[in-house]
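Understanding the architecture of this molecule
One-letter residues, chain by chain:
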Amino acid sequence: MIGSATNNQSYILVECSPPWMPEAFDSKWIPENLKVLVKEVKSAKLPIKFLLIANNISHQVDSTTLLIYQREEGLVKKYRQQEFKLRNIQQVAAVVRQWLAGKTPECELATSATRDIVVCTHGSHDQCCARYGNPFYAQAVATVSNLGLNTVRMWKSSHFGGHRFAPTIIDLPEGRYYGALELESFKSILSRTGDLQCLNKIYRGWGILPNPIQILERELIFRYGWDWFSYKVTGKIIEHLDNHCIQAEIAFEKPDGSLYIYQANIVKDDAKTLKIKGSCTAKQESVFIKYSVVSLRLTSQKSSDPQLPHYLLPSHDLS
């Protein structure tokens, strides 16, 4: 499932109690001004993902939470997070329009939450998410509570893709996607400990990076371990060498200020490419092209540590 995380510039999450219609923003609780805004953003093809979210007490509260995550330029390790507490959902569209205009709405909160994890439970859009997402959400809420993780919030979410990977989540503000989750691997994600090889089965990729670069990023996670999640990263496609090969690059900065740049070729892997139905309701099969990393090499390094090991010297081929 690696390389299947959606590459979004921004996420806008709106608290709204289920049930949700198959097209979430057609649901009965969504005011007309918000429906219009979502359609305008889609028509303009802005790289913004709108999602509805809810938790177990959303239907009991007399306010609406609005969360906005924005990708910043350069080396980053997460999206910029903003939280707003509104009197009702009718206020959401006006606040988002202010934000789109580059203004800072007055209702912004200083939040104590460091992670918002959304689980797709949108059963009216795809049956897999009701069948697998809802039970996992309940287990995840209990796990977070039992571990005493007061800065982690769990949310049910509307459709964000990859429903064949249910139960599937987005871990915000990082924007990393995971699928086919069970509790043991979820605990590893929460704690950044345990068997790193679990990512082979559950890691869909990092939405901050273009899809082919997500495959390269996973290779570097396996080289650097859980420490990777504390690094600032950027990635780009250097060149499309042909229809089956992409030259890609990832640069990253460690907490000590040392900087590294890796390059690799991302090559179409015919053995892994699949032709399957992409969702429970799909009428026909689609081709899902899969890629592999070849010729991974460190091309540049600038470190505060003068005693670099030989395998981190520039241009040393690590393939």
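Coordinates for the structure precede this section.
Conventions adopted
- Residues numbered from 1 in each chain as written.
- Predicted model: local features only at pLDDT ≥ 70, side-chain atom pairs only at ≥ 80, totals over all residues.
- Heavy atoms only, no water.
- Helix = DSSP H or I, 4+ residues; strand = E, 2+ residues; numbered from the N terminus.
- Buried < 20%, exposed > 50% of the residue type's maximum accessible area, 1.4 Å probe, protein only.
- Contact = heavy atoms within 4.5 Å.
- Pairing = 2+ DSSP bridges.
- Axes fitted to C-alpha atoms, helices over the stretch in contact; angles between N-to-C directions.
- Arc of directions from axis to C-beta.
- 1 Å grid on protein atoms, 1.4 Å probe; cavity = no way out; pocket = protein on both sides within 12 Å on 5 of 7 lines; lining within 4 Å.
- Points joined across faces, edges and corners; volume = space filled by probe spheres on them.
- Nonpolar A, V, L, I, M, F, W, Y, C, P; charged D, E, K, R; others polar.
- Expected span 1.5 Å × (residues − 1).

Tracing the sequence through the fold places Ala 93 in helix α2 (residues 92-100). Classification of Ala 93 by relative accessible area gives buried; the value is 3%. Each C-alpha atom, one on Ala 93 and one on Val 36, is 8.8 Å from the other, the two residues being 57 residues apart in sequence. Ignoring any residue separated from it by four or fewer positions in sequence, one finds Ala 93 in contact with Asn 33, Leu 34 and Leu 37.

The mixed open sheet is built from ten strands, whose spatial order is β5-β4-β3-β1-β2-β7-β6-β8-β9-β10. Unpaired on one side and paired on the other, β5 (108-109) and β10 (203-206) mark the two borders of the sheet. Where α2 meets the sheet, its contacts fall on β1 (10-15), β2 (48-54), β3 (64-70) and β4 (80-86), and the angle it forms with β3 comes to roughly 20°. Contacts from helix α3 (residues 127-146) reach β2, β6 (115-120), β7 (152-157) and β8 (169-172) within the one sheet, and its direction differs from that of β7 by about 165°.

The next thing to look at is α2. Within the sequence span of α2, burial applies to Val 92, Ala 93, Val 95, Val 96 and Trp 99. One side of α2 holds all its buried residues, which, seen down the axis, span an arc of 165°. Along its buried surface, α2 packs onto β1, α1 (32-43), β2, β3 and β4. Immediately beyond the C-terminal end of α2, within one or two residues, lies Gly 102, with a positive phi of roughly 85°.

This next bit is on the layout of surface pockets. Looking at the largest pocket, its volume works out to about 500 Å³. Lining the largest pocket we find 23 residues, and of these Met 1, Ser 4, Phe 165, Phe 288 and Lys 290 sit closest to its centre. Of all the elements in the fold, those that place two or more residues in the lining of the largest pocket are α6 (211-224) and β14 (274-276). Ranked by residues supplied to the lining of the largest pocket, first place goes to α6 with three residues. Grouping the constituent residues of the lining of the largest pocket by class yields twelve nonpolar, eight polar and three charged.

Let's shift gears to α6. Here α6 is 14 residues long and its end C-alpha atoms lie 21 Å apart, about the 20 Å a rise of 1.5 Å per residue gives. Of all 14 residues that make up α6, ten are buried, and the element is covered over most of its length.

In this section: the sheet that holds strand β16 (residues 291-302). Here four strands make up an open sheet; going across it, the order is β11-β12-β13-β16 and the pairing antiparallel. Edge positions in the sheet fall to β11 (232-242) and β16, since each has one partner strand and no second. Direction aside, the axes of adjacent strands within the sheet are offset by 20° on average. Relative to strand β13 (residues 259-268), strand β12 (residues 245-253) runs antiparallel, the two sharing nine bridges. Directly across from Glu 253, in β13, lies its bridge partner Leu 259. Those strands touched by α6 are β11, β12, β13 and β16, and its axis lies near 50° from that of β12.

Treat this as a map of the structure, not an account of what it does.
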